[in-house]
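# Descriptive analysis of the structure
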Amino acid sequence: MKKRTQERIALAVVILCIWLSNMVLPNLDLNESLYQALKRGLGGISGAAVGLWVFYKDGRKRWEKAGPQERREMELNELDERNVAIREKAAAFAFDVSCDGLVVLFFLMSTLECTLGEYGVLAVLVLQLIAYEGRSVWLKKRM
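All figures in this text were calculated on a predicted structure; none of them were measured in a lab.

## Notes on the nonpolar core
- Membership of the largest hydrophobic core comes to 13 residues, with the highest contact counts inside it found for L25, L30, L34, M109 and C114.
- With 4 residues, the top contributor of residues to this core is helix α4 (residues 81-111).
- Residues contacting L34, with those up to four places away along its chain left out, are M109, L112 and C114.

The structure is reproduced here in structure tokens:
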């Protein structure tokens, strides 16, 4: 994925989190502790997205300033089998952790009897699993 696209996605996540935090959450009928937890969670996601935006922007600027030889070395490092394997293992671990976190969050929402939260977490979990399976099928066809 191009660096500029990654920057735009990160900024879109920041804007979405700010919108959800300020426009949607106050209008939901939530108890105060759940409201504060969701607001903090959205703030954390927004902060992480800002960090990614800075990271991608810095990478793009380095790429634009690099000479032809440096760009070639950057491409070789990115395509190196060892680096690719490390990124794939990190992505698989992150996926497992996020799925486990969503399951825990679903049971927490069930305990708090927050039906809207349960449906939201369940929707995110299902979308994540669909995306994972779709990507797996696409990669198998490509290889």
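Moving on, there is more to tell.
## Some words on the packing of aromatic side chains
- Per the counting criterion, the structure on display carries 3 aromatic pairs.
- With a centroid separation of 4.5 Å and 15 degrees between ring planes, the pair formed by F95 and Y132 is classed as stacked. On the criterion of sequence distance, the pair formed by F95 in helix α4 and Y132 in helix α5 (residues 115-142) is long-range, its members being 37 residues apart.

## Let's talk about the layout of surface pockets
- Approximately 660 Å³ is the volume attributed to the second largest pocket.
- If you go around the second largest pocket, you meet 23 residues; those closest to its centre are L20, L38, L42, G120 and V124.
- Where the lining of the second largest pocket is concerned, the elements lending two or more residues are α1 (3-24), α2 (32-65), α4 and α5.
- In terms of residues, the lining of the second largest pocket owes the most to one element, α2, which gives 6 residues.
- Classifying every residue of the lining of the second largest pocket by side-chain character gives 20 nonpolar, 3 polar and no charged.

What counts, and where the lines are drawn
Residues numbered from 1 in each chain as written. Predicted model: local features only at pLDDT ≥ 70, side-chain atom pairs only at ≥ 80, totals over all residues. Heavy atoms only, no water. Core = buried A, V, L, I, M, F, W, Y, C linked by side-chain atoms within 4.5 Å. Buried < 20%, exposed > 50% of the residue type's maximum accessible area, 1.4 Å probe, protein only. Helix = DSSP H or I, 4+ residues; strand = E, 2+ residues; numbered from the N terminus. Contact = heavy atoms within 4.5 Å. Phe/Tyr/Trp six-rings, centres within 6.5 Å; stacked < 30°, edge-to-face > 60°. 1 Å grid on protein atoms, 1.4 Å probe; cavity = no way out; pocket = protein on both sides within 12 Å on 5 of 7 lines; lining within 4 Å. Points joined across faces, edges and corners; volume = space filled by probe spheres on them. Nonpolar A, V, L, I, M, F, W, Y, C, P; charged D, E, K, R; others polar.

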